[in-house]
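# Understanding the architecture of this molecule
Here are the chains, one letter per residue:
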Amino acid sequence: MLGLNDRQSEACSYTEGPLLILAGAGSGKTRVLVHRIAYLIDEKSVDPYNILAITFTNKAANEMKERVEREIGAQAEGVWVSTFHSMCVKILRRFYSRIGGNNNFTIYDTDDQKAVVKEVLKTLGIDPKMYPERACISFISTAKEGYKTPEDMDLEAGSDYRAIQMARVYREYQKRMKLNNALDFDDLIFETLELFQKDEEVLELYQTRFKYIMVDEYQDTNNSQFELVRLLAAKWRNLCVVGDDDQSIYKFRGANIYNILNFEDEYSDAKVVKLEQNYRSTSNILNAANAVIANNEGRKDKRLWTENGEGSKINYTVYETEYEEAHGAVNIILEKNIEGRPYSDMAILYRTNAQSRAIEEKLVYANIPYKLVGGTGFYNRKEIRDIVAYLKLLSNNSDEVSFSRIINVPKRGIGQTSIAKIRELSTEAGVSMYDFCKDEANRGLLGRAAEKIGGFIELMKSLVPVAESGDLEQLYEDIMEKTGYRNELQIERTDEAAARLDNLEELKNKIVSYMEEAEEPTLMGLLEDISLVADTDDSAEDTDNKVTLMTLHSAKGLEFPIVFITGMEERLFPSGMAMDSDDPDAVEEERRLCYVGITRAKEELYLSSATTRMMHGNRNYPLESRFISEIPKEYMTRTGIKANVIKKDPFAGPASFGGTTPSVSTPRYTAPLPRTFRKATSPMTDVSSIEYGVGDTVRHIKFGKGKVISMVKEADDYEVTVAFDTVGEKRLFATLAKLKKV
DNA sequence: GAACCCATCATTTTT
DNA sequence: TGATGGGTTC
């Protein structure tokens, strides 16, 4: 086959029956997948409609789509190329109702999940200190990744009290999700699996359709995804999985490396093709990577080789501190840039996000533009989440997380108490919070807040026709205007408010471009895009002349001519957590991460460590990483402690490199903003109406009944000390505590 | 309702 | 060190 090596050709043309392609780093994996699809269509006359290609990320899916299209033109449209999650959404939107679901579900992300878990813990009376939300979410996620129901988890728990409690949380969580008509990311896979298990007709439909199935990054699949693929492929058994066990670095996310290691057991007639020729790196780099990964046990036997030249040796430098280390990298970057290397040829990788700080500081100081990958995404900004919550509530009235989020945003004088009451009463009535509030008679039960809630309902009602019209840009504008959200930010006149407005403008841009690009734009579709297609780095930014900073995890799948891996220290890399783990595979996974890091480099690789580093506010004196000692001397030069003084940037000022002005780059969405709005303080309420005195028994909304011990006059308030029956003595302020005489 | 204070806690992350 | 969340104080 044209332009392919023998192994690659073989992988493309072996189309019938199960096939495992073990694709080493830089071995042209995507190329093979793309050619394989083209081969099926052009040579084997397979209808594109019968081909399914599954990836993990949207980026990978888009790249594959584009390349297939370039190869075979318009026919490519028929091929279903999608991420696991988008594929499942598509299926569930069509058939979820057949197993009692609602096709109109909303997708919840981790933050939404957190809100749900919070409520769950409250209703179950479980102490979040003992069972932190994070832990609960991760428990639930692990269960679903293993295709286990709350009942399964309860059985599995045996007499383990903690596990029993967790299973309870899981059960209640699922109940709430159902009430909210929401599915989390894991549910998307889980429920599709349920659908296939329970509805043979639907399964049969997809099985029949997908005669040829390809799964990328197979080493990252979890058990549910494995099962999903197994079911889909069961009819024709033309399943081609591509992956590299040596690049399995997502165990913490449920990935099961045995899915790829045991593929041949599951499919005994599987053909295995190994792609071992590397087209990316110099042999020094490749040999070093091979040497490191060879220390792992239980991996598929393979060894990457290359026809590329030896290249320069890997450079390992020990610095005194993390700042020296950053200096060192920055100096090299400056030198390389002067030699003519664009900044975009260089990347600095690290194990933990916290390490970026020192590096960023030095880059800023040296006036080097950089791009920080990862961190808090666009859709996690408070203002974005607020507006999106309006959209979500309009799309799904049952979404109580969104309802609770925005009922008092911007401020409408509807407090926690009212919200809690709505939640309670609506649950009793068996309707959603929003539907409950829609009924004027119901609002009457809510006392003082009734009118304000009525206002909110009227507001939402006025948005419904706009939402139904399908003009999402108008809908966005109406939300911004009618809620007063824009106005609130505008009158604030702070930099922070301006940044928020900028971000909202960016959201509008996303909405507009969605309207333009989507085949059939709908509100639901937009929300899907927002949830499923995390803000991928804009292409404009990619091409900019900037140094890339990111974690080793984020670097998977990428390549750069010059790579820096910083923090080569025990307990940092490998991480302390991995080292302390009972699971011997934990350190092996770190080693795989190291392998991934090394193999990102095409021409030059710089490793570094510091003899002392601040971690969690403590000064540590870490040992050099074991991975350093695993690299044979012949491929690496070692430099001892070297004090680094940052060189003066000869181009500081208006001068420029290669046509572009080096400007200090900050991440697009700038520094973290406080989560709350600043606003004028509220006016004091009337004190004269206090109806109780010392010795009286009073009731507090939260603390219950208690006896007034003392009342001290303050400026324009009383400080009341109350001995409560349950929580003991509390000092409260009369205007705020709203104590009621009993 | 919101500013502030203190305790706590801390990989990796896409969907 | 630093971000974050809950509780306290007006």
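Below, the structure is looked at part by part. Bear in mind the structure is a predicted one, so any value in this text is a computation, not a measurement. (Residues numbered from 1 in each chain as written. Chains lettered and ligands numbered in written order. Predicted model: local features only at pLDDT ≥ 70, side-chain atom pairs only at ≥ 80, totals over all residues. Heavy atoms only, no water.)

### A short note on the overall build of chain A
Along its length, chain A carries 32 helices and 22 strands. Looking at chain A residue by residue over its 742 residues, the buried ones come to 54%. Put simply, of all contacts in chain A between residues at least 6 apart along the chain, 75% involve residues at least 24 apart. Here chain A displays about 34200 Å² of accessible surface, and carbon together with sulfur accounts for 49% of that area. (Helix = DSSP H or I, 4+ residues; strand = E, 2+ residues; numbered from the N terminus. Buried < 20%, exposed > 50% of the residue type's maximum accessible area, 1.4 Å probe, protein only. Contact = heavy atoms within 4.5 Å. Areas by Shrake-Rupley, 256 points an atom, 1.4 Å probe, with all protein chains shown as cover.)

### Quick look at the sheet that holds strand 13 (residues 560-565)
Strand order in the open sheet formed by 7 strands is 11-12-10-13-14-9-17, and the pairing between neighbours is parallel. Only two strands of the sheet have a single partner each, and these edge strands are strand 11 (370-372) and strand 17 (636-639). This sheet shows a mean twist of 20° between the axes of neighbouring strands, independent of strand direction. As defined by bridge partners, strand 13 adjoins strand 14 (residues 601-610) across 5 bridges and the pair is classed as parallel. (Pairing = 2+ DSSP bridges. Axes fitted to C-alpha atoms, helices over the stretch in contact; angles between N-to-C directions.)

### Details of the sheet that holds strand 2 (residues 51-55)
In any sheet, the strands associate via hydrogen bonds between backbone groups, in a parallel or an antiparallel arrangement. Ordered in space as 3-2-6-7-1-8, the 6 strands form an open sheet in which the pairing is parallel. Lying at the two open borders of the sheet, with one neighbouring strand each, are strand 3 (80-83) and strand 8 (271-275). With direction set aside, neighbouring strand axes in the sheet form an average angle of 15°. The pairing of strand 1 (residues 19-23) with strand 7 (residues 239-243) spans 4 bridges and is parallel. Of the residues in strand 7, the one forming a bridge with leucine 22 is glycine 243.

### Details of the environment of valine 687
Mapped onto the elements, valine 687 comes out in the loop between strand 17 and strand 18 (697-700). Overall, the relative accessible area of 16% leaves valine 687 in the buried class.

### Notes on the packing of helix 24 (residues 485-492) against helix 25 (residues 495-517)
Their axes nearest at 8 Å, the elements helix 24 and helix 25 cross at an angle of 145°. Where helix 24 crosses over helix 25, the handedness of that crossing is left-handed. Side by side, helix 24 and helix 25 meet where Tyr485, Arg486, Leu489, Gln490 and Glu492 of the first sit next to Glu496, Ala497, Arg500, Leu501 and Leu504 of the second. Of the residues assigned to the contact of helix 24 with helix 25, the class counts are 5 nonpolar, 1 polar and 4 charged. (Left-handed = near helix turned anticlockwise from the far one by under 90°. Nonpolar A, V, L, I, M, F, W, Y, C, P; charged D, E, K, R; others polar.)

### Comments concerning the packing of aromatic side chains
Counting across every chain of the model gives 16 aromatic pairs. Look at phenylalanine 263 and tyrosine 267: their rings are 4.8 Å apart centre to centre, the planes differ by 35°, and that puts the pair in the tilted class. In this pair, the class of phenylalanine 263 matches that of tyrosine 267, namely buried. For the pair phenylalanine 403 and tyrosine 434, a centre-to-centre distance of 6.4 Å together with 70° between the ring planes defines the contact as edge-to-face. Of this pair, phenylalanine 403 sits in helix 18 (residues 400-406) while tyrosine 434 sits in helix 20 (residues 433-438), and the two are 31 residues apart along the sequence. Here the aromatic cluster, defined as three or more aromatic residues joined through ring pairs, consists of Trp80, Phe95, Phe196, Tyr206 and Phe210. Positioned over the ring face of phenylalanine 105 is arginine 93, at 4.1 Å from the centre of the ring. (Phe/Tyr/Trp six-rings, centres within 6.5 Å; stacked < 30°, edge-to-face > 60°. Lys NZ or Arg CZ within 6 Å of the ring centre and 35° of its normal.)

### What about empty space enclosed by the protein?
Counted according to the given criterion, the structure contains 2 cavities of 30 Å³ or more. In this structure, the largest cavity spans a volume of roughly 70 Å³. Forming the boundary of the largest cavity are Arg93, Phe105, Thr106, Ile107, Lys392, Ser395, Met524, Leu527, Glu528 and Ser531. Those elements that place two or more of their residues in the lining of the largest cavity are strand 4 (106-108), helix 17 (382-395) and helix 26 (523-532). At 4 residues, the largest contribution of residues to the lining of the largest cavity is made by helix 26. Split into classes, the residues belonging to the lining of the largest cavity amount to 4 nonpolar, 3 polar and 3 charged. Lining the second largest cavity we find Asn315, Thr317, Tyr319, Glu325, Ala329, Ile332, Phe564, Thr566, Tyr606, Leu607 and Ser608. Here the lining of the second largest cavity is composed, by residue class, of 6 nonpolar, 4 polar and 1 charged. (1 Å grid on protein atoms, 1.4 Å probe; cavity = no way out; pocket = protein on both sides within 12 Å on 5 of 7 lines; lining within 4 Å. Points joined across faces, edges and corners; volume = space filled by probe spheres on them.)

### Description of the pattern of salt bridges
Here the structure, examined in full by the defined rule, presents 59 salt bridges. For glutamate 10, the salt bridge goes to arginine 7, with nearest N and O atoms at 3.0 Å. Taken together, the residues glutamate 10 and arginine 7, both in helix 1 (residues 6-13) and 3 residues apart, mark about one turn of the helix. Arginine 423 is the partner of glutamate 119 in a salt bridge, and the nearest nitrogen-oxygen pair spans 3.1 Å. One end of the pair, glutamate 119, is in helix 5 (residues 110-124); the other, arginine 423, is in helix 19 (residues 416-429), and 304 residues separate them in sequence. Taken individually, glutamate 119 and arginine 423 each receive the classification buried, so the pair is uniform in this respect. (Salt bridge = Lys/Arg side-chain N within 4 Å of Asp/Glu carboxyl O.)

### Observations concerning the nonpolar core
Ranked by internal contacts, the top residues of the largest apolar core, which has 48 residues, are Phe403, Ile422, Ile453, Phe456, Leu475, Leu504 and Leu507. Apart from residues lying up to four places away in sequence, phenylalanine 403 is in contact with Leu393, Ile422, Met433, Tyr434, Cys437 and Phe456. Ranked by size, the runner-up nonpolar core spans 44 residues in total, among them Ile54, Phe84, Leu188 and Leu193. (Core = buried A, V, L, I, M, F, W, Y, C linked by side-chain atoms within 4.5 Å.)

### What about the pairing of strand 6 (residues 212-215)?
With burial as the criterion, each face of strand 6 is covered, one bearing Tyr212 and Met214 and the other bearing Ile213 and Val215. Here strand 2 runs beside strand 6; their pairing, made up of 4 bridges, is parallel. When the bridges of strand 6 are listed, leucine 52 appears paired with isoleucine 213. Judged from the 3 bridges that link them, strand 6 and strand 7 form a sheet pairing that is parallel. Bridging from a neighbouring strand, valine 215 pairs with valine 241 of strand 7. In this region the chain leaves strand 6, passes through helix 11 (residues 223-233) and returns to the parallel neighbour strand 7; the handedness of that crossover is right-handed. (Right-handed = clockwise from strand over helix to strand, strands pointing away.)

### Here we look at the protein's contact with DNA strand B
What surrounds DNA strand B is a group of 28 residues, the closest being Asn58, His85, Arg351, Thr551 and Ser575. In the interface set of DNA strand B, defined as its atoms within 4 Å of the protein, sugar plus phosphate atoms amount to 47%. With respect to DNA strand B, the side chain of threonine 551 contributes an N or O atom lying 2.6 Å from a phosphate oxygen. Across the surface near DNA strand B, the residue classes break down as 8 nonpolar, 14 polar and 6 charged. (Near = heavy atom within 4 Å. Polar contact = N/O pair within 3.5 Å; in protein donor to acceptor, adjacent residues only side chain to side chain.)

### Things to note about the side chain of asparagine 50
Tracing the chain through its elements places asparagine 50 in the loop between helix 2 (29-42) and strand 2. Of note is the side chain of asparagine 50, whose polar atom sits 2.7 Å from the backbone oxygen of arginine 209. Leaving out residues up to four positions away in the same chain, asparagine 50 has contacts with Thr208, Arg209, Phe210, Lys211 and Tyr212.

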